[in-house]
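# Structure at a glance
Spelled out from the first residue to the last, the chains are:
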Amino acid sequence: PEAYRYLSVLDLSDNAFSGSFPTKVFQLPSLKSLAAVKNCFVGQIPESICDEGQNLTSSLQVVALDGLHASSYCITHYWSPFRSSSSTGSFSTLMSGSLPCCLWRLPNITTLHFSGNGFTGTMPQFSSDLSKSLHDVSISHNRLTGTIPDVILDHAFTNLDLSYNKLYGSIENFAHMQFSSDA
């Protein structure tokens, strides 16, 4: 809607929003920061947001979508015959799919956080370099598999968190990095 044309910061964090993640937010023309940490979203962030004609915003700098289905409101309380009182557990459906490649290439993107979502699939395979402005990536605590693309190993990050996935292969490129003593 026209009313959101100038919206630059959208923070939906720590709520109980449910259903599919609203991918139309990636089309808000002035959006610089998007956060929706700890909600009850299910499904995936489709690669189709990258399709030509989708008007993916180029102003986006920060995307923080950690724990899209991790809000305490998503947890189901259930009765257990093995405990004297009710237990708390999660019968949640995690996010699925992989991470859309186009987000890694947005011209102004500095931060991508997608930790704790249970994303499946392989690491995004890039046909070109990542955005030069991208320096902070956290995709830990997912279920991503495969090798780490050379494009990621060759990029200059200040934070790169790939922990708690099922990644494998060689990381020899880290051994060939040139470090400057000028800090």
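It should be noted that the structure appears before, not after, this text.
The structure contained in this document is the topic of the report that follows. This structure is a prediction, so every number in the text was calculated from the model and none was measured. (Residues numbered from 1 in each chain as written. Predicted model: local features only at pLDDT ≥ 70, side-chain atom pairs only at ≥ 80, totals over all residues. Heavy atoms only, no water.)

## What about the sheet that holds strand β3 (residues 33-35)?
- Taken in spatial order, the 6 strands line up as β1-β3-β5-β8-β9-β11 in an open sheet, and their pairing is parallel. Two strands close off the open sheet at either side, each with one partner strand: β1 (9-11) and β11 (159-161). Strand after strand, the sheet turns through a mean of 5 degrees between neighbouring axes, direction not considered.
- When strand β9 (residues 136-138) meets β11, the two strands line up parallel, connected through 3 bridges. Bridge pairing in β11 links Asp136 to Asn159. (Pairing = 2+ DSSP bridges. Helix = DSSP H or I, 4+ residues; strand = E, 2+ residues; numbered from the N terminus. Axes fitted to C-alpha atoms, helices over the stretch in contact; angles between N-to-C directions.)

## Comments concerning the packing of aromatic side chains
- Enumeration over the complete set of coordinates arrives at 3 aromatic pairs.
- Aromatic pair Phe21 and Phe26: ring centres 6.1 Å apart, planes at 50 degrees, arrangement tilted. For the pair Phe21 and Phe26, a shared accessibility class is recorded, and that class is buried.
- With centroids separated by 6.1 Å and ring planes inclined at 75 degrees, the aromatic side chains of Phe114 and Phe119 adopt a geometry described as edge-to-face.
- Phe114 gets classed as buried once you look at its relative accessible area, which sits at 0%.
- Here the aromatic cluster, defined as three or more aromatic residues joined through ring pairs, consists of Phe21, Phe26 and Phe41. (Phe/Tyr/Trp six-rings, centres within 6.5 Å; stacked < 30°, edge-to-face > 60°. Buried < 20%, exposed > 50% of the residue type's maximum accessible area, 1.4 Å probe, protein only.)

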